[in-house]
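# Residue-level structure breakdown
One-letter residues, chain by chain:
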Amino acid sequence: MRRRAFLKLLGAVAGTAAGSALESRSAKAEDAVAATARAEDQAAVLVDLTVCVGCRTCEAACAEAHGLPEPDWSDDFSYETERFADEEQWTVVNRHETSRGEVFAKRQCMHCVQPACAAACLTKALLKTPEGPVVWRADKCMGCRFCMVSCPFDVPKFEYHSAVPRIQKCRMCWDRLRQGEEPACVESCPSGALTFGTRSELLRLARERIVQSPNQYVDHIYGEHEAGGTGWLYLSPVPFEELGFRTDLEPTAYPELTRDFLTSVPLVLILWPAMLFGLREATARGGESSDVPDGWRLEGGVT
Amino acid sequence: MNAVIATSSATAAGPSVSRKPGERLGAYLRRELRPKGPLLTPFNVVSALLILATVVILVVRFVYGLGSVTNLDQRFPWGLWIGFDVLTGVAFAGGAYILTFLVYILHVEKYRPIVRVTVLNGFLAYVFYAGALLIDLGRPWNVVNPILGNDFGLTSVLFLVAWHFLLYMTAELVELSPAIAEWLGWQRVRKVLGALTVGAVIFGITLSTLHQSGLGALYLMAKPKIHPLWYTELLPVLFFVSSIFAGLSMVIFEGSLTRRVFQHRAGKELARSHDAIVIGLSKICAGVLFAYLGLKVVAFLHDQSWHYLSGGWGAWYLFEVLGLTALPMVLFVVGARRGWLGTLRIAALVTMIGVAVNRLNVSTIAFKWYEAGHYVPSWMELVVTGGILCAEIWVFRWVMLRMPVLGPQDAGTERANEGGDEAASPAQA
């Protein structure tokens, strides 16, 4: 947590190189500490894949709640090939043939505890809210798509065929959450596969389920450690590889990968000018430090 | 290509002397703004068509969205415009900070004659290629947000890179400004601007260190997406170190073109010392390439990537490292020892290709290497890249034919250059 505050501070120095901004920055940094400290209390959803029946009611509820086009029902083909959430459909349910038969898996933004997309965003258009959801803000976004490059789950989607493109993804119904409601998908789920709660509650619940029915579940809560922890947690009857989940992700938060680089930035900003100026003075020939310091010397030839 | 450009400008060797004291500025500018030389040359026609096509494509792009002209998709958000125009273009522009380091920090006078042209090249590269970023932005009207907006994404490497691009362009403009003042005949302004040069140089070298490495750091979080042979924690260091030989190779390569095309604009000092400069820069390239290869070995051993070496990706990796990095290093060593300038130019060209391939590997080719149906740029992306390059050459030529970039042009300031000017021009025509 402290590291994060340090990072923010460094960022302040690095980006603007403005010393005067330090005061207000460190206050912001403390907010960040507080936010991270509350991570376990943030909103989260547990997906129990042993319960999901693949009815796709969540897809419909999501579309309705956000004014997205209705999912294409005509196709049970959508169960044949793996689909990905896209700019017009923020959650999809896929069917997987596994070693234990048919398993359905709902996919959407994982709402990381320390999201790579938000760390990558140079305008804070993608924002980890104190409540937990990672949201996108139109008035900030430049459309650089660095979030898409950085997200380990390839979640943010871009409207490539719009003159005013948006980054689209699940926002965990942030507005509904703030009115005390559950996310639309959770509320609509008829089978009880989705449970809404705080992250720590749900981790406890997930562990209990594994302990109570060790034969029903693999001993792995996906999202507990993946990418440093995510807001969406999964229980599965089969190893997650069989469901196309990436199991090779870092156990630490992705922003940690740029920590060393960002730490070195203020060091370079301070040390380089001093060293360069010193070198220049040290290598100057006698009484020459006042030479005409631009393109062509006014007198004298080349050595 | 140099022959093509040469035909357009060689005959354009109008007697161009900077503004004389007493000459009215307005009249002078009107005279200077006119093209110098024939307009209907093959290079001009082809480049004008490319630029026109670029404009049309960009109109379509801004009306119908990026997807209407590029092959980018949800899996490949960054393509040729970032991988080549920005990543490679900025590496190639690295010569400016290296040469200002040699001349203003280490006082190596040998390289002074090419400082201005290198800084001009670097400045234009940033303006045009970093400018290419703007056309790649989905919501470019928000580009001021990281600069003026109250929400600074301080944890973003791109935030750092954006600020550094902006500040570095300013620093390079300051470094270049004495030439502009000389062109306009503003003696006193020039003195003031000249006094700012060293500060701008020190600031510029610092910024370059950080944003050259920052471009590599952009990909640190893309760890699960980049082929393990190319992903390493050392990406920022590798990008920085390779920008040194990328920039210097560009200086060598471009210098051999410039010298022929703009020979009549070259000062005596440059004419005399050109070969020694090329050999000196080649030695630096060889040394830095050697260090870079060492870092590559460290990264390779650290990540224990042996098993990736078999198969197509391994072969492609070895081609980049051995064929496009180790080979030009050997060529630089041999060429510099024997004084073979032709060999050195080939070494510079191969080095540049190697850096371009490396940047494209990290950003597009080995990015999502596991995906079927990989990103390949559309013809329109290629045309825009070509059009931007042509536009840059036009501006470069315009400046070269007017401002004292390759050597002192101002008879009022310096020992007159008439001899050099007139002796060179006929030889060119």
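Basis of the calculations
Residues numbered from 1 in each chain as written. Chains lettered and ligands numbered in written order. Predicted model: local features only at pLDDT ≥ 70, side-chain atom pairs only at ≥ 80, totals over all residues. Helix = DSSP H or I, 4+ residues; strand = E, 2+ residues; numbered from the N terminus. Rg over C-alpha atoms; globule rule 2.2 N^0.38 Å. Buried ≥ 20, exposed ≤ 12 C-beta atoms within 10 Å, placed from the backbone. Contact = placed C-beta atoms within 7 Å. Pairing = 2+ DSSP bridges. Axes fitted to C-alpha atoms, helices over the stretch in contact; angles between N-to-C directions. Parallel < 35°, antiparallel > 145°, perpendicular 65-115°, else oblique. Left-handed = near helix turned anticlockwise from the far one by under 90°. Nonpolar A, V, L, I, M, F, W, Y, C, P; charged D, E, K, R; others polar. Core = buried A, V, L, I, M, F, W, Y, C linked by C-beta atoms within 7 Å. pLDDT = per-residue confidence, 0-100. Expected span 1.5 Å × (residues − 1). Bend = angle between axes of the 7 residues up to and from the residue.

What follows concerns the overall build of chain B. Across its full length, chain B carries 15 helices and zero strands. At 22 Å, chain B has a C-alpha radius of gyration in line with the 22 Å of a compact globule built from 429 residues. Based on the C-alpha atoms only, the size of chain B along its principal axes is roughly 70 × 55 × 45 Å. Relative to its full complement of 429 residues, chain B shows a buried share of 52%. Excluding contacts between residues fewer than 6 apart, the proportion of contacts in chain B whose partners are at least 24 apart in sequence is 82%.

With that settled, consider the overall build of chain A. Across its full length, chain A holds nine helices and nine strands. Within chain A, buried positions represent 42% of all 303 residues. Taking the intrachain contacts of chain A between residues at least 6 apart in sequence as the baseline, contacts between residues at least 24 apart amount to 62%.

Our next topic: the environment of valine 155 of chain A. Residue and element names in this part refer to chain A. If you trace the backbone, valine 155 turns up in the loop between α5 (146-150) and β6 (157-158). By C-beta crowding, valine 155 is classed as buried, having 26 other C-beta atoms within 10 Å. C-alpha separation for the pair valine 155 and glutamate 87, spaced 68 residues apart in sequence, amounts to 9.7 Å. When neighbours within four sequence positions are excluded, valine 155 is seen to be in contact with Ala85, Cys109, Met110 and Lys169.

Our next topic: the sheet that holds strand β1 (residues 43-48) of chain A. All names here are of chain A. Pairing within the open sheet is mixed, and its three strands lie in the order β8-β1-β9. Each of the sheet's edge strands pairs with one partner strand only, and the pair in question is β8 (194-198) and β9 (232-235). Within this sheet the neighbouring strands show an average axis-to-axis angle of 25 degrees, counted without direction. Against the sheet, helix α8 (residues 199-212) makes contact with β1, β8 and β9, and its axis sits at roughly 130 degrees relative to β8, the strand it touches most.

Helix-helix packing is described using two parameters, namely the angle between the two axes and the distance between the axes. Residue and element names in this part refer to chain B. As a packed pair, helix α9 (residues 187-217) and helix α10 (residues 235-261) sit with axes 7 Å apart at the nearest point and diverge in direction by 130 degrees. Taken as axis vectors, α9 and α10 run oblique relative to one another. Considering how the two elements wind past one another, α9 and α10 form a crossing that is right-handed. Within the contact between the two elements, α9 uses Thr209, Gln212, Ser213, Gly214, Leu215, Gly216 and Ala217 and α10 uses Leu235, Pro236, Val237, Leu238, Phe239, Phe240 and Ser243.

It is worth spelling out the pairing of β9 of chain A at this point. Residue and element names in this part refer to chain A. Here β9 shows two buried faces, one formed by Trp232 and Tyr234 and the other by Leu233 and Leu235. Bridging between β1 and β9 involves four bridges; their strand directions are parallel. Bridging from a neighbouring strand, valine 47 pairs with tyrosine 234 of β9.

Each side of the interface is counted separately: chain A has 62 residues, and chain B has 64 residues. Contributions of two or more residues to the side of chain A that touches chain B are made by α1 (2-16), α4 (116-120), α5, β6 and α9 (259-283) of chain A. Taken together, the residues of the side of chain A that touches chain B sort by class into 37 nonpolar, eleven polar and 14 charged.

This paragraph deals with the nonpolar core. Judged by nonpolar contacts, the single largest core of 194 residues is most densely connected at Leu99 and Leu158 of chain B. The contacts of leucine 158 of chain B, once residues within four sequence positions are left out, are Ala120, Leu122, Cys144 and Phe146 of chain A together with Leu218 of chain B.

All names here are of chain B. Taken over all residues, the pLDDT of chain B has a mean of 87, while the share at 70 or more is 90%. Low pLDDT (under 50) marks residues 409-429, which in the prediction has 36 contacts with non-local residues, meaning those over four places away or in another chain. Confidence estimates for the predicted assembly give a pTM of 0.87 and an ipTM of 0.87.

The subject of this paragraph is the confidence of the model for chain A. Interpretation of this model should avoid reading the predicted coordinates in detail wherever pLDDT is low. Residue and element names in this part refer to chain A. Averaged over every residue, the pLDDT of chain A is 85; the share at 70 or more is 80%. Here residues 1-25 scores under 50 on pLDDT; set against residues more than four positions off or in separate chains, the count is 46 contacts. The low-confidence segment residues 289-303, where pLDDT is below 50, has 25 contacts with residues more than four positions distant or belonging to other chains.

Residues and elements named next belong to chain B. Compared with an ideal rise of 1.5 Å per residue, which puts 35 residues at 51 Å, helix α11 (residues 268-302) spans 51 Å between its outermost C-alpha atoms and is within 8% of the ideal. At histidine 274, α11 shows its maximal kink, close to 55 degrees. Immediately beyond the C-terminal end of α11, within one or two residues, lies glutamine 304, with a positive phi of roughly 45 degrees.

Within the secondary structure layout, glycine 153 of chain B lies in the loop between α7 (145-148) and α8 (157-184). Other than its neighbours up to four places away in sequence, glycine 153 of chain B contacts Cys121, Leu122, Thr123 and Lys124 of chain A together with Pro146 and Phe159 of chain B.

What follows is about the packing of helix α5 (residues 95-105) of chain B against α10 of chain B. Residues and elements named next belong to chain B. Here α5 crosses α10 at 85 degrees, and the two axes come no closer than 7 Å. The angle between α5 and α10 falls in the class roughly perpendicular. For the pair α5 and α10, contact is made by Gly95, Ile98 and Leu99 and by Ile244, Gly247, Leu248, Met250 and Val251, respectively. Its residues assigned to classes, the contact of α5 with α10 comprises six nonpolar, two polar and no charged.

All right, on to helix α3 (residues 42-64) of chain B then. Along an α-helix, a turn takes 3.6 residues, which lines up residues three or four apart on a common side. Residues and elements named next belong to chain B. Helix length check: α3, at 23 residues, gives a terminal C-alpha distance of 33 Å against a target of 33 Å (1.5 Å per residue), a fit within 8%. Regarding α3, the residues found buried are Asn44, Ser47, Thr54, Ile57 and Arg61. Remark: glycine 65 follows α3 within two positions and exhibits a positive phi of approximately 100 degrees.

Residues and elements named next belong to chain A. In this structure, methionine 172 takes a positive phi of about 55 degrees despite not being glycine. Relative to the helices and strands, methionine 172 is located in the loop between β7 (167-168) and α6 (174-178). Methionine 172 sits in the buried class, given 31 other C-beta atoms within 10 Å. With a phi angle near 50 degrees, cysteine 173 is a residue other than glycine that sits in the positive phi range. A residue is classified by how many C-beta atoms lie within 10 Å of it, and cysteine 173, with 23 of them, is buried.

Take the environment of glutamine 263 of chain B next. All names here are of chain B. Checked against the element boundaries, glutamine 263 lands in the loop between α10 and α11. You can call glutamine 263 buried: it has 21 C-beta atoms within 10 Å. Between the alpha carbons of glutamine 263 and tryptophan 394 there is a distance of 17 Å; along the sequence they are 131 residues apart.

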